[in-house]
Amino acid sequence: MQAQAQVLQVEPGRVRLRISNAGGGCGRCDEPGGCRSVQITQAFGLPKAEFWLPSELVLAPGDRVLIAIPDGGALKAAMASYGLGAVLLLLGAAAGVGLSGEGTVDAAAAVGGALGLGFAYGLNRLLFRSRSWRTQLQMKLAPEAACLHSFEESR
């Protein structure tokens with residue numbers, strides 16, 4: 001996955017960027033027959049278009065760069081964030097039902113599910129503090145003239 005961005009500000013070791021093209025799906029969102037799925041991502045407001053990234057490149061305000069996320073990085077982050085929570089919610093609810101007595105099944109499932117979600121939250125907090133995990137998700141910058149192969153070679 002990659003996106004084009006413009007450099008807004010440069011500080012030692014990092015740059016502030018503005019995303020130029022917000023990619024999303026097949027690009028047929030508003031056409032007849034399009035699924036409009038990108039609108040779901042904007043239900044709570046437009047995504048943030050400006051942010052800071054670490055960079056060792058020599059850049060100046062106005063320069064254009066490519067931002068790339070390593071292959072599988074978005075999937076790993078989504079599975080950790082959403083998949084782990086969903087699995088532990090279901091396992092917690094199932095454990096609550098299994099340990100409950102008659103007449104308390106619904107309450108036990110709710111408590112078990114809440115405990116599963118709480119456990120997932122804690123695991124995610126630990127996971128995202130891990131340097132080895134963060135390096136798998138780290139975005140890389142390259143000058144806009146660079147080709148896709150330069151990202152693969154820099155790994």
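Higher on the page you've got the structure.
Residues numbered from 1 in each chain as written. Predicted model: local features only at pLDDT ≥ 70, side-chain atom pairs only at ≥ 80, totals over all residues. Heavy atoms only, no water.

Trainee: In this structure, what is going on with the overall build of the protein chain? I would like to understand it.
Mentor: Scanning the protein chain from terminus to terminus reveals five helices and five strands. When the helices and strands of the protein chain are read in sequence order from the N terminus, they spell out β-β-α-β-β-α-α-α-β-α. Here the protein chain, with 155 residues, has 23% of them falling under the buried criterion. Across the protein chain, every contact between residues at least 6 apart in sequence was considered, and the portion connecting residues at least 24 apart equals 71%. About 10,700 Å² of surface is accessible on the protein chain, with carbon and sulfur atoms providing 62% of the total. (Helix = DSSP H or I, 4+ residues; strand = E, 2+ residues; numbered from the N terminus. Buried < 20%, exposed > 50% of the residue type's maximum accessible area, 1.4 Å probe, protein only. Contact = heavy atoms within 4.5 Å. Areas by Shrake-Rupley, 256 points an atom, 1.4 Å probe, with all protein chains shown as cover.)

Trainee: Looking at this structure, how should I read the sheet that holds strand β4 (residues 64-68)?
Mentor: Sheets are built from strands paired through backbone hydrogen bonds, the pairs being either parallel or antiparallel. Across the sheet, five strands lie side by side as β3-β2-β1-β4-β5; this open sheet has antiparallel pairing. Lying at the two open borders of the sheet, with one neighbouring strand each, are β3 (50-54) and β5 (140-143). The average angle at which neighbouring strand axes cross in this sheet is 45°, direction not considered. Here strand β1 (residues 2-11) runs beside strand β2 (residues 14-19); their pairing, made up of six bridges, is antiparallel. Within β2, the position partnered with Val7 by the bridge is Leu17. (Pairing = 2+ DSSP bridges. Axes fitted to C-alpha atoms, helices over the stretch in contact; angles between N-to-C directions.)

Trainee: Is there a simple way to explain the packing of aromatic side chains in this structure?
Mentor: Describing an aromatic ring pair means giving the distance of the ring centres and the angle of the ring planes. Under the defined criterion, the tally for this structure stands at one aromatic pair. Ring plane angle 75° and centroid distance 5.8 Å describe the contact between Phe128 and Trp133, whose orientation is recorded as edge-to-face. Stacked on the ring of Trp52, the Lys or Arg Arg14 has its end atom at 3.8 Å from the ring centre. (Phe/Tyr/Trp six-rings, centres within 6.5 Å; stacked < 30°, edge-to-face > 60°. Lys NZ or Arg CZ within 6 Å of the ring centre and 35° of its normal.)

Spatial relationships are all this shows, so hold off on functional conclusions.
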